[in-house]
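One letter stands for each residue in the lines below.
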Amino acid sequence: MKYANIREEEIKIKVRDDFFSEYDYKILGNIDFCVTPKNKNPKQTQLFDDINLLWAEAKTGDYDVISMFAQLILTIGKARTFDKTLPPAFLGAFDGKKIAFIPYNAVLDIFSLNDFNWNVTSSNQNTKEFSIIRERVQKSLDKNDYLYDFLKDEKELKFFIKNNLAKATESGKILINKNNFVPIYLRWVEQVKPYIDFNWEDGKKQNILDNSFFLADLFVDDKGTPVIEDDTPISENLFVVFKNGHYEIAKENLKSLFNATIPFKDKKPYEQFWKKYKRPPLEEFQKYILERKDLLVPQDIRERKGAYFTPRIWVELSQKYIADVLGEDWQEEYYVWDCAAGTGNLLAGLTNKYHIFASTLDQSDVNAMHERIENGALLLHDYVFQFDFLNDEFLPKSKGGKLPDDLYNIITDEEKRKKLVVYINPPYAESNGKVSKNRSNVQVSRINQKYSEKLEKVGAELYAQFISRIYFEIPSSIIAQFSKLKLLNGTNSKIFRSNYLAKLEKTFVVPAKTFDNVKGNFPIGFFIWDSSKKVIFKETIADIYDENANFINNKCFYSYDEENGRINDWINKYKPKKDEKNVGFLMADAPDFQSNNYISISNKKGTRHAIYIPIIIENLVISSIYLTVRHCIEATWLNDRDQFLFPNDKWESDSDFKNDCLAFTLFHSQNRITSNDGTNHWIPFTELEVNARSKFESNFMTDFIAGKLKIENETQDLFSQEKSKKEAQKLEFSEEAKLVFDAGKNLWKYYHTQEFPSFRGVDSNAVGRRGVYNVNASLYDIREHFQGRNDKGKMNNKSEDETYMKLIAELRSALKILAKKIEPKVYEYGFLKE
């Protein structure tokens, strides 16, 4: 066996290095092993552009090939990965001994099985679904015998990879259909048009536009050979054709006005672009595309980016998701109203202008859309109108209102409303309790006043006001909206969620920073709600995309409404009635990741509006658990809105967990204890251990760790939560915690070796050090000594002392290791939900 006695992750790395080094490798969602062509310029990755060559299942040892393939297919089908990214040429399965391949098209029909439960656990071999797929895989392997032993068949395997995966880059292409041909054209305008050597102004005079060249590109095969005969009805619709590697004018009466051949300035962009898409379109779409070539007008003509501009990659993706939910022909069957349209960029790519309505608050935006219509934008002049959605009444123009009569007839008809998609990216402004010029409608709108009891605090959010009016006044419609996630899981949205009964059909989430004029590291989601289905929202599994629109994985988002409480309800149980004899204060804040930067320990209460818990001997470990739980897991854009919860009681009997949390808290940077603000009770070492030059003012922490302190007041015991006055026990620390203590001790010892100016008659800048010797220095004080502060009083991130930088790096590394050990218990004990 080539890869014996090693873990699965190591096997994947070995297989990648030994056989797929000429390709890029990644994990795609729950698919173990994904191979793609080398991306020479990763910054240019865009939606749907990845060409996948191989999706594979990996195992250790000598595993059953059929079972591996069955698990892989169940994994793909459950996540519907083929809906989010282009499927590969081959599926694969490998373990420590062998690897096998199946052409993807050989199992393609499996994903279309009727009455098939894709929600079974993919690794459970005892299910009916697993057996069905095993049987199908076996038949495929019988016909396509691509099974190789890593040792015995090494040459043959490398030959297969070289001669099949490499060629697969030509066949793994996106099919062009009526839902995506407009977005593909828009990308073609950006990536191919600039390299065509043609006078576009002269062409425009003869009605030869860039869409004529795009259509010419569509109706050739992969070798660039025309597939449309000159005397067919389709050819009559083509002004330009592609022949012999260049463009030609097709209309006889126009040939004399232009060069016989229209070459490329550079043909490489053309070649690279069409490697991604399969030409020509399927015959069923050819006629439709030609009939609707009027759609092929650049949507960015005189387009200006408004305050809530939706990036094109998310516009395209959102429309794909709508098609997944409502069907391929949804634009023919449904009406669309963007009631927060701005300049209308969210509507780019939609094809049926007779079914599209757009309204916006500002007349200047309406004027901009009307101007775009004159330049070919796919909207009707009378269906684009000024409307204050949060204040104006639903009245038709025929009765003195602002709504087009056709739209009014839809929203007032119970059956037609079911075919209305309110498709919006509403503003994200949030009130601070005052009305300002840029938030003139926040909190004072008619809608907020009308539904104040159902909105409560979330009424401060403009997008919540938009959604509430849609839900309550256009019932049974489809709501397809971009927004922050507060309506799903925000504590201020609980009352609204109890009144908002709609089924969340499909969701994806992306980083907020990909939107113009949106600040912050948090997620923005796209949600498709069916308001005709009365469901209380509890949780959803969302598809996650990175900033380049690469599918990452799935994540569950919860309402948390059925939980016992949040983590602050838990910590408040341990708040002493008096703050006498405290050794510091724990500052607690809102129970989500976005507020973690405020969670800290200090000598005194701060001025921030937050919860301040006096830390006494009875709640010292509890306070450490709180700070650790909030900081041991890195805050990211994706978990930014996750809520910390009231835990179960399993943590109470886990002394290892408690002691790990104490160690983490003692050495974490959010421990802001400083001897400048009072006695430092938080030195975790004795004077002898760090070679201090005199006695510490307090040995509280080392006495606590050694079990020398008694709990004098009758209260909850730290470890059993039983009322007692017993003597505490010496704390025993894990190996990971000991590493943290060792790294911290080295830092303290190094501080106590420093030279300092004397207290009297010596320049404070002597020998290049800051301040004077402080035997009671805390970790925060030590950091300040070496790192100093800038002109604004903020502590610098680095020090010029190389030894210090090495020691602080070792401490941070040890803390990360300890944090990884603690992290699973954060979920096990219910502080967070996975």
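**Looking at the overall build of the chain**
Along its length, the chain carries 29 helices and 24 strands. Each of the 834 residues in the chain was classed as buried or not, and the buried ones make up 55%. The contacts in the chain between residues at least 6 apart in sequence include a share of 68% that link residues at least 24 apart. Total accessible area on the chain is roughly 38,800 Å²; 45% of this is exposed by carbon and sulfur atoms.

**Topic: the environment of Arg630**
Checked against the element boundaries, Arg630 lands in helix α23 (residues 620-631). By relative accessible area, which is 0% here, Arg630 ends up buried. Taking C-alpha positions, Arg630 is 9.6 Å from Ala588, a pair spaced 42 residues apart along the chain. Sequence-distant contacts of Arg630, that is, excluding residues within four places in its chain, are made with Ile567, Asn568, Asp589, Ala590, Pro591, Asp592, Ser595, Asn596, Ile599 and Phe644.

**Details of the sheet that holds strand β13 (residues 384-386)**
Taking strand neighbours across the sheet as the criterion, the 9 strands line up as β13-β12-β11-β14-β15-β17-β16-β18-β19 in an open arrangement whose pairing is mixed. Edge positions in the open sheet fall to β13 and β19 (551-558), since each of these has one partner strand only. Averaged over all pairs of adjacent strands, the angle between strand axes in this sheet comes to 20 degrees, irrespective of strand direction. Alignment of strand β12 (residues 356-360) against β13, held across 3 bridges, turns out to be parallel.

**Considerations on the pattern of salt bridges**
For the coordinates displayed, the defined rule picks out 41 salt bridges. Notably, a salt bridge pairs Arg469 with Glu473, separated by 2.8 Å at the nearest N-O pair. Here the residue Arg469 and the residue Glu473 both occupy positions in helix α19 (residues 462-473), the gap between them amounting to 4 residues, near one helical turn. Taken as a pair, Arg469 and Glu473 share a single burial class, namely buried.

**Focus on the packing of aromatic side chains**
As enumerated under the stated definition, the model contains 77 aromatic pairs in all. For the ring pair Tyr247 and Phe264, a centre distance of 5.3 Å and an interplane angle of 50 degrees mean the geometry is tilted. Separated by 17 residues along the polypeptide, Tyr247 in strand β9 (residues 246-249) and Phe264 in the loop between α9 (252-255) and α10 (268-273) bring together distant segments of the chain. Look at Tyr247 and you get buried, because its relative accessible area is 0%. The interplanar angle of 65 degrees and the centroid separation of 6.1 Å between the aromatic rings of Phe385 and Phe387 together place this pair among those described as edge-to-face. On the basis of relative accessible area, Phe385 is assigned to the buried category, the value being 3%. Each member of the aromatic cluster is reached from another via a ring pair, and the members are Trp314, Tyr321, Tyr423, Phe482, Phe508, Phe515, Phe526, Tyr545 and Phe551. The ring of Tyr598 has Arg608 lying over it, and the distance from NZ or CZ to the ring centre is 3.5 Å. Over the ring of Tyr558 we find Lys833; its NZ or CZ atom is 4.1 Å from the centre of that ring.

**Quick notes on the packing of helix α27 (residues 735-751) against helix α29 (residues 802-828)**
Two numbers describe a pair of packed helices, the interaxial angle and the distance between the axes. At their nearest, the axes of α27 and α29 sit 8 Å apart, and the two run at 160 degrees to each other. Classified by the angle their axes make, α27 and α29 are roughly antiparallel. The element α27 and its partner α29 pack so that their crossing is left-handed. Here α27 contributes Glu736, Ala737, Leu739, Val740, Ala743, Gly744, Asn746, Leu747 and Tyr750 to the contact with α29, which in turn contributes Thr803, Tyr804, Leu807, Ile808, Glu810, Leu811, Ala814, Leu815, Ile817, Leu818 and Lys821. Along the lines of polarity and charge, the residues of the contact of α27 with α29 split into 14 nonpolar, 3 polar and 3 charged.

**Details of the sheet that holds strand β22 (residues 611-615)**
Ordered in space as β21-β20-β22, the 3 strands form an open sheet in which the pairing is antiparallel. Strands at the two margins of the open sheet, each flanked by one partner only, are β21 (600-602) and β22. Across this sheet, the average inter-strand angle for adjacent strands is 30 degrees, counted without regard to direction. Summarising the sheet, strand β20 (residues 584-588) and β22 pair through 5 bridges and their orientation is antiparallel. Following the sheet pairing, Gly584 is matched in β22 by Ile615. Across the face of the sheet, α23 comes into contact with β20, β21 and β22 while running at roughly 35 degrees to β20.

**What about the pairing of strand β4 (residues 90-94)?**
Most of β4 is tucked away, with 5 of its 5 residues classed as buried. Alternating residues of β4 divide into Phe90, Gly92 and Phe94 and Leu91 and Ala93, and every residue in both groups is buried. By the bridge criterion, 5 bridges tie strand β3 (residues 54-58) to β4 in an arrangement that is parallel. Across the sheet, residue Leu54 finds its bridge partner in β4, namely Phe90. Pairing analysis gives 5 bridges linking β4 to strand β5 (residues 98-103), with the strands arranged antiparallel. Of the residues in β5, the one forming a bridge with Phe90 is Pro103. Joining the antiparallel neighbours β4 and β5 is a turn of 3 residues.

**Here we look at the nonpolar core**
Of all hydrophobic cores here, the largest spans 115 residues; its most connected members are Trp314, Trp337 and Tyr423. Formed by 72 residues, the second largest nonpolar core is a distinct cluster that contains Trp570, Ile601, Leu627 and Ala663.

**Description of the confidence of the model for the chain**
In the predicted model, the chain carries a mean pLDDT of 85, and 87% of its residues have values of at least 70. At the level of individual helices and strands, the chain shows its lowest average pLDDT in strand β23 (residues 715-716), which scores 42, and its highest in strand β11 (residues 335-338), which scores 98. Considering only residues more than four positions removed or in separate chains, one finds that residues 431-443, a stretch of pLDDT under 50, has 24 contacts. Across residues 759-769, where pLDDT falls below 50, the model places 15 contacts with residues more than four positions away in sequence or in other chains.

**Re α19**
A rise of 1.5 Å per residue sets the reference length of α19, with its 12 residues, at 16 Å; its end C-alpha atoms lie 16 Å apart and thus fit the reference within 8%. Counting buried positions over the 12 residues of α19 gives 11, a clear majority of the element. As for α19, its buried residues are in contact with β14 (420-424), α17 (446-450), α18 (452-455), β15 (478-483), α20 (486-489) and α21 (494-499).

What counts as what
- Residues numbered from 1 in each chain as written.
- Predicted model: local features only at pLDDT ≥ 70, side-chain atom pairs only at ≥ 80, totals over all residues.
- Heavy atoms only, no water.
- Helix = DSSP H or I, 4+ residues; strand = E, 2+ residues; numbered from the N terminus.
- Buried < 20%, exposed > 50% of the residue type's maximum accessible area, 1.4 Å probe, protein only.
- Contact = heavy atoms within 4.5 Å.
- Areas by Shrake-Rupley, 256 points an atom, 1.4 Å probe, with all protein chains shown as cover.
- Pairing = 2+ DSSP bridges.
- Axes fitted to C-alpha atoms, helices over the stretch in contact; angles between N-to-C directions.
- Salt bridge = Lys/Arg side-chain N within 4 Å of Asp/Glu carboxyl O.
- Phe/Tyr/Trp six-rings, centres within 6.5 Å; stacked < 30°, edge-to-face > 60°.
- Lys NZ or Arg CZ within 6 Å of the ring centre and 35° of its normal.
- Parallel < 35°, antiparallel > 145°, perpendicular 65-115°, else oblique.
- Left-handed = near helix turned anticlockwise from the far one by under 90°.
- Nonpolar A, V, L, I, M, F, W, Y, C, P; charged D, E, K, R; others polar.
- Core = buried A, V, L, I, M, F, W, Y, C linked by side-chain atoms within 4.5 Å.
- pLDDT = per-residue confidence, 0-100.
- Expected span 1.5 Å × (residues − 1).

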